[in-house]
Amino acid sequence: MPKTPVSGDAMKTTFLFAAAMLAWSGACGRGAEDSMKPIKIYIHTDLEGVTGIETYESIQTDGPGYQRCRELLMGDLNAAIEGAFEGGADVVTVLDSHG
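Residues numbered from 1 in each chain as written. Predicted model: local features only at pLDDT ≥ 70, side-chain atom pairs only at ≥ 80, totals over all residues. Heavy atoms only, no water.

**Q** Quick rundown of the pattern of salt bridges? Include the residues and the values.
**A** A complete count under the given rule lists 1 salt bridge for this structure. The partner of Glu71 in a salt bridge is Arg68, and the shortest N-O contact between them spans 3.9 Å. Of this pair, Glu71 and Arg68 both sit in helix H2 (residues 66-86), 3 residues apart, roughly one helical turn. (Salt bridge = Lys/Arg side-chain N within 4 Å of Asp/Glu carboxyl O. Helix = DSSP H or I, 4+ residues; strand = E, 2+ residues; numbered from the N terminus.)

**Q** Would you mind going over the pairing of strand S2 (residues 91-96) in detail, with residue names and values included?
**A** Relative to S2, strand S1 (residues 40-45) is paired through 6 bridges, and the arrangement is parallel. Opposite Lys40, over in S2, you have Val91 as the bridge partner. Between S1 and its parallel partner S2, the chain crosses via H2, and the hand of that crossover is right-handed. (Pairing = 2+ DSSP bridges. Right-handed = clockwise from strand over helix to strand, strands pointing away.)

**Q** Describe the confidence of the model for the protein chain, with residues and values.
**A** When pLDDT is averaged across the protein chain, the result is 76; 63% of the residues are at 70 or more. The secondary structure element of the protein chain with the lowest average pLDDT is helix H1 (residues 8-27), at 62, and the one with the highest is S2, at 91. Of the regions scoring below 50 in pLDDT, residues 1-6 engages in 1 contact with residues more than four places distant in sequence or in other chains. (pLDDT = per-residue confidence, 0-100. Contact = heavy atoms within 4.5 Å.)

**Q** Tell me about the side chain of Thr45, residues and numbers included.
**A** Checked against the element boundaries, Thr45 lands in strand S1. Given a relative accessible area of 10%, Thr45 falls into the buried group. If we skip the residues at most four places from it in the chain, Thr45 touches Leu73, Val94, Leu95, Asp96 and Ser97. (Buried < 20%, exposed > 50% of the residue type's maximum accessible area, 1.4 Å probe, protein only.)

**Q** Please provide a residue-by-residue account of the environment of Ile39, values included.
**A** Note on placement: Ile39 falls in the loop between H1 and S1. Remark: the alpha-carbon pair of Ile39 and Gly87, spanning 48 residues in sequence, is separated by 9.8 Å.

Laid out in structure tokens, this is it:
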């Protein structure tokens, strides 16, 4: 079955929603003593699995598509961060594992 490409806007909306729900779920069910603790979100990212990445060659630092992959990663990452803050996160920490 052929792959259907997903638009950048659709993926951004998905990331925003998922990150907002993650942050919001952390805020739900918090007792009075927990309400003063910040909601912290930790995002560990890598190029594999980023929107629009289809081949291993795309993520090679010396490959022709590497800069585009970095741009796609930043789009996904910024959407996730934005969604986390919109969902109530106080702190978002990101670790990039692709060098």
